[in-house]
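Descriptive structure summary
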Amino acid sequence: MKKVSVPVTNDVCPQTLFVYGTKNEDGTPDFGLFCWFSYCWFDELGVICAIGGSKRTLENIRRTKVFSANLVVEDNLPLADYFGTADGRDGDKMDVEVAWEQGAVLDVPVLCSSPFCFELEIDKEIATGEQNEVVLLCRIRNVLKDERFVDSSMTPEELYKAIAAVQTCVDCDYWSWDGRHLGKWHERAKEIKADVEIGAAARGN
Ligand SMILES: Cc1cc2nc3c(=O)[nH]c(=O)nc-3n(C[C@H](O)[C@H](O)[C@H](O)COP(=O)(O)O)c2cc1C
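In short, a report on the structure. (Residues numbered from 1 in each chain as written. Predicted model: local features only at pLDDT ≥ 70, side-chain atom pairs only at ≥ 80, totals over all residues.)

For the protein, the helix and strand inventory stands at four helices and 13 strands. Computed over the C-alpha atoms, the radius of gyration of the protein is 17 Å, within 12% of the 17 Å expected from 2.2 N^0.38 for a compact globule of 205 residues. Along the first, second and third principal axes, the C-alpha set of the protein runs to 50 × 45 × 40 Å. In the protein, buried positions account for 29% of the 205 residues. (Helix = DSSP H or I, 4+ residues; strand = E, 2+ residues; numbered from the N terminus. Rg over C-alpha atoms; globule rule 2.2 N^0.38 Å. Buried ≥ 20, exposed ≤ 12 C-beta atoms within 10 Å, placed from the backbone.)

Here we come to the site of the ligand. The local shell around the ligand holds 21 residues, among which G32, W36, T57, G84 and G88 are the closest. Contributions of two or more residues to the shell around the ligand are made by β3 (29–34), β5 (45–52), α1 (56–64) and α4 (200–203). Considering every element that reaches the shell around the ligand, the biggest residue donor is β3, with four residues. Here the residues of the shell around the ligand are counted per class, giving nine nonpolar, eight polar and four charged. (Near = placed C-beta within 6 Å. Nonpolar A, V, L, I, M, F, W, Y, C, P; charged D, E, K, R; others polar.)

Of the strand pairs in this sheet, strand β11 (residues 166–169) and strand β12 (residues 173–176) are connected by four bridges, and their pairing is antiparallel. Bridging from a neighbouring strand, V166 pairs with S176 of β12. Here β12 runs beside strand β13 (residues 181–184); their pairing, made up of three bridges, is antiparallel. Within the sheet, the bridge partner assigned to D173 lies in β13 and is K184. With antiparallel pairing between neighbouring strands as the criterion, β12 and β13 make up a hairpin whose turn holds four residues, including G179 at a positive phi of roughly 90°. (Pairing = 2+ DSSP bridges.)

With that settled, the discussion passes to the environment of I122. Mapped onto the fold, I122 is located in strand β9 (residues 116–127). I122 gets classed as partly exposed once you count the C-beta atoms within 10 Å, which come to 16. Residues in contact with I122, not counting those within four places in the same chain, are I61, K65, L136 and C138. (Contact = placed C-beta atoms within 7 Å.)

Quick look at the sheet that holds β3 now. Strand order in the open sheet formed by seven strands is β3-β2-β6-β9-β10-β5-β4, and the pairing between neighbours is antiparallel. One side of each edge strand has no neighbouring strand; the edge strands of this open sheet are β3 and β4 (37–41). Between one strand axis and the next, the sheet turns by 35° as a mean value, whatever way the strands run. Here α1 sits on the sheet in contact with β2 (18–23), β3, β5, β6 (66–71), β9 and β10 (133–145), set at roughly 55° to β2. (Axes fitted to C-alpha atoms, helices over the stretch in contact; angles between N-to-C directions.)

Structure below.
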């Protein structure tokens, strides 16, 4: 295989998408969409996430030290894309229909439409840039999983198909786990709110 050097990019490296759920100061939920998410090891499995710049999600995480990470699947992609388009600091972001429930262990909002959710607590925050760009190392305090996928007799292929996780890759596109194109960033959000505008927090990312 002959490789060539190209400008810095991660364009062909698929990323899993999660909706982060946080609580505002008045106890109402805020949800945002994130893909800079992976894993680390403490004395147990942990989570590492990068947040790029000021946004409601980061303000809430810093204040409460906890949040949920909810796997994005084909069924909730329009809602997830909306959460990655509208700005949480705009008062009307959450004026849409969202089924959520309280986490089982932490005071975090969890998306009902997600089959797999982490309840996370910050262990360390590391500054990576000068404008609120950070990496968060998180302890997994609980995992919530759709009971249909616990101890199931499905093969891995049947399981991946049933979960239907969404990935993002290349030019701001969404893809199914088996390679079907599911739309571009900020397009599917219009199924939730036709006149949604791309908020400052999303533009900055
Ligand atoms: C597909 C997609 C992936 C995103 N991933 C990230 C990410 O990993 N880190 C980040 O800081 N912002 C990311 N964003 C931008 C946030 O979703 C956006 O700033 C949103 O406004 C956050 O919600 P909030 O304003 O309620 O905090 C992403 C947006 C999209 C559309």
